[in-house]
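Structure assessment
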Protein chains: 2
Amino acid sequence: MDKGVKIVLDACGGDNAPDEIIKGAYEALKKKENLHIIFAGPEDEIKQKVENYTDIPTDRVSYCNATEVIEMAEPPVKAIRSKKDSSIVKGLTLVKNGEADAFVSAGSTGAILVGGQLIVGKQRGVKRAPLAPIMPTMNGVTLLIDCGANVDARPEHLVSFAKMGSIYMENVLKKKNPTVGLLSIGTEEEKGNALVKETLPLLKECEDINFIGPVEARDLPFGVADVVVTEAFAGNIALKMYEGTAKMLMKVLKESLTANLRSKLGAAMALPSLKEHMKAFDASRYGGAPLLGLKGLVVKAHGSSTAVEINNAILQCMVFFKEDINGKIAAEMNTEENSNGI
Amino acid sequence: MDKGVKIVLDACGGDNAPDEIIKGAYEALKKKENLHIIFAGPEDEIKQKVENYTDIPTDRVSYCNATEVIEMAEPPVKAIRSKKDSSIVKGLTLVKNGEADAFVSAGSTGAILVGGQLIVGKQRGVKRAPLAPIMPTMNGVTLLIDCGANVDARPEHLVSFAKMGSIYMENVLKKKNPTVGLLSIGTEEEKGNALVKETLPLLKECEDINFIGPVEARDLPFGVADVVVTEAFAGNIALKMYEGTAKMLMKVLKESLTANLRSKLGAAMALPSLKEHMKAFDASRYGGAPLLGLKGLVVKAHGSSTAVEINNAILQCMVFFKEDINGKIAAEMNTEENSNGI
């Protein structure tokens, strides 16, 4: 029998906490009968809001009282060490102790990354746990791995990111035999920095991934590869540049369409088609970014997450366990460990 | 008396060579009486096309015969070493020998970067010559330095990029007391990779630049700083991601606006305002990306350059000499050399 999945949800994290977080959980609970949600946050306040949903299945809801909040701008290591009663530290501790399977938060990325590695801990054979956000592109989605967990990574880390990313893409996002590209500054093999040049031959040797070679940043928005492997600093720059450029252009587009009566009328006519075409880029459909290679699952949802993202992040966790991603990563990493000792 | 500026123009470089290159030169020659253009390329063919402009001032035009072409995909170092009769090698050699002041090309970025450093050579006191493209943003333009010349740079190189970038921004692009940001993965000082963390205190100590601290990629499209300093790998990723995202979104916008009759009618009405708002992002207004810190001036124009870009790149070279940028860089770098020995 299905034992179900227990997810700790950070009720204090993100711009729309706690209301949208609770709403997202409510929607997921209604959809999935084998789901149990533990809300981490100030219990009395959260419980009251949760019970406003009168038909919420209370037997599948519990609470983890946490009175402190880690703010977005706090130095992560210090915050994790000093705020023992925060929703992030207490939530991650439940995962560490096996009292929950996964932790989902729209809170401080830094604190989640540091806490995930320090508190939950890495799986055997995993040297670095990468953060792998999903980028909607013109041609499906791309998993960009790593985007923030490990700056100054080494070539062997990038190889393990490629393997973990392929497993996630194939099993959670259901892309068969996903293509893997290595982010570089040209598609020619002689371009790139030292890390890229050292990683390239290692990735070519990997038989268990579908490596297509170096890929350029300009081709990422067009969906050049299903999994794009990179060191976290460059990955973060690529992701933030993608978000920032899209945000800026949408702002300019909006300003231009509302500039005068003529443009407003035109915009009103063109809007349905524009909305239809932009649907593919709605990141909320894909939930959050998993921090892969940990003993449990930790998912970072976008800071601006609404109920839709939270709901989808929870459903994504359910697939993660159904497909036994950690088992598959463990099998892959242990093979690696046996074969070459890294 | 003004001695004039002599510019070698690569007649073979870029997607629209030689016609648009020649047209751009023709327009600049008509505008600037102290400009002399040397066309580098197959002389007979180019001369014939140039002389189709019957009113071109032939006394201010000359030729540098070059029979080889360096292709975009060729490994740069090998190409520069083996193709001695290419427009890039011969053009750069004229600058090296003092027979020309500047070299402008829309050809292979790699070959121009390598050739610029190997053939023209660096100014005294300059350790690395950065490529500094201009990014049009929602709030003026940003000089992104470095974007391709020196992967794996060290902190002291980034400091010199900040200084050279400030000089260029202030004197060529006429931005008074330009702000300088250091590209990072957060605005907090404890974020970033080892290079960022080591560079940060050095930039803070610089009294001759207007340093505003770390800046995030997501804020670049909004024009967060006038000069953004970065190591070339990350800079190239940021720039290419900017170009790629804009290109992709414009494609989606076009598809959505031409999807059906209703959207087409709406688009026709909104178009004038849209075009007006998008004008600020027309990179062709700013010419090319200078490779700073060389003994002469080398400018890389975009591969897709038309006559407008080439014309503007030439005019940008004229300002470079009028403002004696190399003299200013030399003064700055020599001070640096005297004060701390790097």
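As a convention, each chain's residues are numbered from 1 in the sequence order in which they are written. A letter from A marks each chain and a number from 1 marks each ligand, given out in the order of writing. Given that this is a predicted model, residues contribute local features only at a pLDDT of at least 70 and side-chain atom pairs are listed and counted only at 80 or more, while totals for whole chains, interfaces and linings are drawn from all residues. Remark: hydrogens and water are excluded; side-chain values derive from all non-hydrogen atoms of the structure.

1. Observations regarding the overall build of chain A
Here is the rule we go by: Secondary structure elements are defined from DSSP: runs of H or I of at least 4 residues count as helices, runs of E of at least 2 residues count as strands, and each element is numbered from the N terminus. Within these notes, the globule rule equals 2.2 Å times the number of residues to the 0.38 power, and the radius of gyration is based on C-alpha atoms. Relative accessibility decides the category of a residue: with a 1.4 Å probe and only protein chains considered, values under 20% of the type maximum give buried, values over 50% give exposed, and everything between is partly exposed. We call two residues contacting when some pair of their heavy atoms lies within 4.5 Å.
For chain A, the count of helices and strands is eleven helices and eleven strands. For 342 residues, the compact-globule estimate of 2.2 N^0.38 gives 20 Å, and chain A sits close to it at 21 Å. Its C-alpha atoms put chain A at 65 × 60 × 40 Å along the principal axes. Burial statistics for chain A: of 342 residues in total, 60% are counted as buried. Residue pairs in contact within chain A that sit at least 24 positions apart in sequence constitute 73% of those at least 6 positions apart.

2. Structural notes on the interface of chain B and chain A
Basically, it comes down to this: Reported buried area values correspond to the accessible surface (1.4 Å probe) lost by two parts on association, with both partners' losses combined. Here, a salt bridge means any Lys or Arg side-chain nitrogen found within 4 Å of an Asp or Glu carboxyl oxygen. Pairing of N or O atoms within 3.5 Å defines a polar contact, subject to two protein rules: one partner must be a possible hydrogen donor and the other a possible acceptor, and residues neighboring in sequence count only if both atoms are side-chain atoms. For this classification, the nonpolar set comprises Ala, Val, Leu, Ile, Met, Phe, Trp, Tyr, Cys and Pro, the charged set comprises Asp, Glu, Lys and Arg, and every other residue, Gly included, is treated as polar.
Listed per partner, the contact involves 60 residues of chain B and 60 residues of chain A. Between chain B and chain A lies a buried interface of about 5400 Å² when both sides are counted; carbon and sulfur atoms form 76% of it. Looking at the side of chain B facing chain A, the largest losses of area belong to Phe233(B), Met241(B) and Met269(B), adding up to 13% of the total buried there. Inspection of the region where chain B meets chain A yields four salt bridges. The residue Arg218(A) makes a salt bridge to Glu243(B) at a minimum N-O spacing of 3.7 Å. Our enumeration of links across chain B and chain A arrives at eight residue pairs in polar contact (both at pLDDT 80 or more). Sort the elements by how many residues they give to the side of chain B that touches chain A and helix 8 (residues 232-257) of chain B lands first, with 22 residues. Among the residues making up the side of chain B that touches chain A, the classes are represented as 37 nonpolar, twelve polar and eleven charged.

3. Comments concerning the pairing of strand 5 (residues 134-137) of chain A
Sheet faces and side chains relate simply in a regular strand, where the side chains alternate between the two faces. Residues and elements named next belong to chain A. Let me state the cut-off plainly: For two strands to be treated as a pair, DSSP must find at least two bridges joining them.
Burial of the side chains of strand 5 extends over both faces: Ile134 and Pro136 are buried on one face and Met135 and Thr137 on the other. When strand 5 meets strand 6 (residues 140-145), the two strands line up antiparallel, connected through four bridges. From the neighbouring strand, Thr137 faces strand 6, where its bridge partner is Gly140. Once strand 5 ends, the chain turns through two residues before running back antiparallel as strand 6.

4. Details of the sheet that holds strand 5 (residues 134-137) of chain B
All names here are of chain B. This is how the line gets drawn: The axes are straight lines fitted to the C-alpha atoms, using for helices just the contacting stretch, and the angles between their N-to-C directions are given from 0 to 180°.
Strands sit in the order 5-6-9-7-8 across an open sheet of five strands; the sheet is mixed. Strands with a single pairing partner mark the edges of an open sheet, and in this sheet they are strand 5 and strand 8 (210-216). When strand polarity is set aside, the average angle formed by the axes of neighbouring strands in this sheet is 30°. Both strand 7 (residues 179-184) and strand 9 (residues 227-229) contribute to a ladder of three bridges, which runs parallel. Looking across to strand 9, one finds that Gly181 is bridged to Val228. On top of the sheet, helix 8 reaches strand 5, strand 6 (140-145) and strand 7; it is set at about 45° to strand 5, its chief contact.

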